[in-house]
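# Notes for the structure review
Here is how the chains run, residue by residue.
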Amino acid sequence: MQLTRLRLDRFRGFEQAEWRPGPGFNLVLGENGAGKTSLLEAVHLLGHGRSFRGRVRDGLVRHGSPSLEVYAEWFDGQQRAHRAGMRHSGSSWEARLDGESVATLAELCAALAIVSFDPGSHELISGGAEHRRRFLDWTLFHVEPDFLETWRRFSRSLRQRNALLKTQPQERQLDAWDDELAEAGERLNALREQQVAQWEPLLFAELASSLPELGPPRLVFIPGWRRQERSLRVSLAAGRERDLALGYTASGPHRADWRVEFEGLPGRDGLSRGQTKLLALAATLSQAAQFAGGRDEWPIIALDDLGSELDREHQARVLSRLAATGAQLLMTGTEAPTGLEAAGISPAVFHVEHGRVGPA
Ligand SMILES: Nc1ncnc2c1ncn2[C@@H]1O[C@H](COP(=O)(O)OP(=O)(O)OP(=O)(O)O)[C@@H](O)[C@H]1O
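Just so we're clear, the structure is a prediction, and the values are computed from it rather than from any experiment. (Residues numbered from 1 in each chain as written. Predicted model: local features only at pLDDT ≥ 70, side-chain atom pairs only at ≥ 80, totals over all residues. Heavy atoms only, no water.)

### Remarks on the overall build of the protein
For the record, the criterion: Put simply, DSSP H or I for four residues or longer makes a helix, DSSP E for two residues or longer makes a strand, and each gets a number counted from the N terminus. A radius of gyration in this sense is built from C-alpha atoms; the matching globule rule multiplies 2.2 Å by the number of residues raised to 0.38. By the convention used here, residues are in contact when the closest approach between their heavy atoms is within 4.5 Å. Surface accessibility in these figures is a Shrake-Rupley result with a 1.4 Å probe; residues are shielded only by whichever protein chains are displayed. His is not counted here, nor are the chain ends, while Lys and Arg score as positive and Asp and Glu score as negative. Note that the charge is assigned to NZ on lysines, CZ on arginines, CG on aspartates and CD on glutamates.
For the protein, the helix and strand inventory stands at 12 helices and 14 strands. A compact globule built from 360 residues should have a C-alpha radius of gyration of about 21 Å, and the protein, at 22 Å, falls within 12% of that. Here the C-alpha coordinates of the protein stretch approximately 65 × 50 × 35 Å along the principal axes. Sequence separation of 24 or more characterises 70% of the internal contacts of the protein that already satisfy a separation of 6 or more. Accessible area of the protein: about 16,500 Å², with a carbon and sulfur share of 47%. Mean positive and mean negative side-chain charge positions of the protein (44 and 48 charges, respectively) differ by 4 Å.

So this is what it looks like as C-alpha cells:
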C-alpha cells in the first residue's frame, strides 16, 4: 500500500496542511511540537478509526474548531487508486471511501492498512491486555473474512448478557444468551489461536534479529477462561453466580491476552525499557509481515521518532530489513535517525514548519 496524498484540516496544530509522500522511505523532520507525529496520527486515524495517542475528543480537533477533516489518497497492492475522507467532531463522524458514504468505520479500516510504532508503543507489552487483544484482532480483521461478523456477534451477546446480569433474570433467559455467547466466543477464540500460531514464527524471526541476547522466546496465548479444562459454555454456567453478583461476565474471550517469555528472563518485568520497546517493535513488524503474507502487499509502516527510541545498531538492522520488503515507510524525527545512514538508505525528506509540510 502506498499513501500518495494526505490533507489535514483543523487537525491538532494544523489549520490546513497537505503532504505528498513518495514510495519507499519518507522522513519528516521538524522541531519539537512542529506537527510531525500529527501527520502519522492522521493516517493512523483513517486506518484504525482511532489515534495511537488517545481518543479524537481528547485533543485531535484543533482548539476552537468544531471538527477535523482528514483526506487521503493511496494505491493498494494491485495499483488501484483509492481515496477516503473523514470528518470527526470528537463525538460524531462521517466518512467517504472512493466517493461513497461509509456506514461503519470498519469499511474505511479494511481499505487502508497502517501499522504504527511510536514512543507510546511499549504499552503493547507493559500496558493493559486490551492493547494486546486489539493488536491480535487487527491482523484477523484484515486477513480473516469471518472475523468481523464473529467479533460483532460475540460483542453483541456479551453486551446483552451483561445487561441481563444487572436485572433479576430468569434462568432460561440467561441460558439463551450463554448459548449464543459461547458459540460466538468459541469461534472467536479459534480464530485467535489460529492467528497466534501463524504469527509466532514471524515474531520469533524478528526477535532472533533484534533481541537474540534474551535466548529462545515463547509466545503464550491466554484465551480468557480455563479453556484447557472446560468449554466456554460450561465456564459461563459455572461462573453464573459470580457473574450475577458482579453484574458482568468475568471471564471469556473479552479477557484474552498474550505474552512473550524468554528463556533467559524470569518475566516481562525483567525487560529493560529499551528491550520492551524492541519487543513491541518486533511484534509490530511481524504483524506487518503477517499482513503481507495474507494479502500479498505490505501495510503502510509508520515509525514515529525511531531515532530516539532505538540505538543506531538496532535502527540500522530494522531499516535494512524493511528496505528489502518494498513497504512504504513514514518516519519522523527532529533529526535524521542515524540508522538510516548506517543502513545506506536515502529517504525522501520533508520538513514541517509553521503548520506547513514541504520538501526539505
Ligand atoms: N487540539 C489542538 N489544537 C491546536 N494545537 C494542538 C492541538 N493538539 C496539539 N496541538 C499542537 O500541535 C503540535 C503537535 O505536534 P506533534 O505532537 O505532532 O509534534 P511533533 O513534531 O511530533 O513533536 P515532538 O518532536 O515534540 O514529538 C504541538 O505544537 C501542540 O501544541
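### A closer look at the site of the ligand
Spelled out, the test is: Consider each residue's heavy atoms; a residue with any of them within 4 Å of a molecule or strand counts as near. Any pair of nitrogen or oxygen atoms within 3.5 Å is treated as a polar contact; in protein, a donor-acceptor pairing is required on top of that, and neighbouring residues in sequence qualify only through side-chain atoms on both sides. Three classes are used: nonpolar for Ala, Val, Leu, Ile, Met, Phe, Trp, Tyr, Cys and Pro, charged for Asp, Glu, Lys and Arg, and polar for all others, with Gly counted as polar.
Surrounding the ligand, one finds 15 residues, the nearest of these being Gly-33, Lys-36, Thr-37, Ser-38 and Val-61. In the environment of the ligand, a nitrogen atom lies 2.8 Å from a nitrogen or oxygen atom belonging to the backbone of Val-61. Contact with the protein chains covers 71% of the free accessible surface of the ligand, which is 650 Å². Of the residues that constitute the shell around the ligand, the class distribution is 2 nonpolar, 8 polar and 5 charged.

### What to know about the nonpolar core
Our working definition: Each nonpolar core is a collection of buried residues, namely Ala, Val, Leu, Ile, Met, Phe, Trp, Tyr and Cys, held together in the definition by side-chain atoms within 4.5 Å. Exposure categories follow from relative accessible area, calculated using a 1.4 Å probe and restricted to protein chains: below 20% of the type maximum is buried, above 50% is exposed, and the middle band is partly exposed.
Core analysis: the largest hydrophobic core is formed by 85 residues, its most contacted members being Leu-6, Trp-258 and Leu-303. Beyond its immediate sequence surroundings of up to four residues, Leu-6 is in contact with Ala-17, Glu-18, Trp-19, Leu-39, Ala-42, Val-43, Val-70, Tyr-71 and Ala-72. Judged by nonpolar contacts, the second largest core, of 15 residues, contains Phe-141, Ala-182, Leu-191 and Trp-225.

### Some remarks on the sheet that holds strand S11 (residues 300-303)
So the rule is basically this: Strands are treated as partners if at least two bridges between them are detected by DSSP. For helices, the axis comes from a line fit to the C-alpha atoms of the stretch in contact; other axes are also lines fit to C-alpha atoms, and the angle between any two N-to-C directions lies between 0 and 180 degrees.
The strand order across the open sheet formed by 6 strands is S8-S11-S12-S3-S13-S14, and the pairing between neighbours is mixed. Looking along the sheet, the strands with just one partner apiece sit at the ends: strand S8 (114-117) and strand S14 (356-359). Shown here is a sheet whose adjacent strand axes are inclined to one another by a mean of 20°, direction ignored. Note: S8 against S11, 4 bridges, orientation parallel.

### Observations regarding the UniProt feature "binding site: ATP" (unreviewed entry) in the protein
What counts is decided by this rule: UniProt positions are given in the numbering used here, feature names are shortened, and annotations may be inferred rather than shown by experiment.
Those places that UniProt annotates as "binding site: ATP" (unreviewed entry) correspond, in this numbering, to Gly-30, Glu-31, Asn-32, Gly-33, Ala-34, Gly-35, Lys-36 and Thr-37. The residue Ala-34 is located in the loop between strand S3 (25-29) and helix H1 (36-48) in this model. Those residues in contact with Ala-34 that sit more than four places away from it in its chain are Phe-14 and Val-352. Here Gly-35 lies in the loop between S3 and H1. Residue Gly-35 is classed as buried on the basis of its relative accessible area of 11%.

### Here's the deal with the packing of aromatic side chains
Where we set the bar: Each aromatic pair joins two rings of Phe, Tyr and Trp (for Trp, the six-membered one) with centres within 6.5 Å, and gets the label stacked for planes under 30 degrees apart, edge-to-face for over 60, and tilted for any other angle.
One pass over the full model with this rule turns up 5 aromatic pairs. Between Trp-199 and Trp-258, the ring centres sit 5.0 Å apart and the planes meet at 80°, which makes this aromatic pair edge-to-face. A residue pair is termed long-range when its members are at least 10 positions apart, and Trp-199 in helix H6 (residues 171-210) and Trp-258 in strand S10 (residues 257-262) qualify at 59 residues. The exposure class assigned to Trp-199 is buried, which follows from its relative accessible area of 0%. An aromatic cluster is present here, built from Phe-135, Trp-199 and Trp-258 joined pairwise through their rings.

### Concerning the sheet that holds strand S7 (residues 100-101)
Each strand in a sheet pairs with its neighbour through backbone hydrogen bonds, running either in the same direction (parallel) or in the opposite one (antiparallel). Taken in spatial order, the 6 strands of this open sheet run S2-S1-S4-S5-S6-S7, and their pairing is antiparallel. Looking along the sheet, the strands with just one partner apiece sit at the ends: strand S2 (14-19) and S7. Looking at chain direction, strand S5 (residues 81-88) and strand S6 (residues 93-97) are connected through 5 bridges and run antiparallel. Within S6, the position partnered with His-88 by the bridge is Trp-93. Where H1 meets the sheet, its contacts fall on strand S1 (2-11), S2, strand S4 (68-75) and S5, and the angle it forms with S1 comes to roughly 105°.

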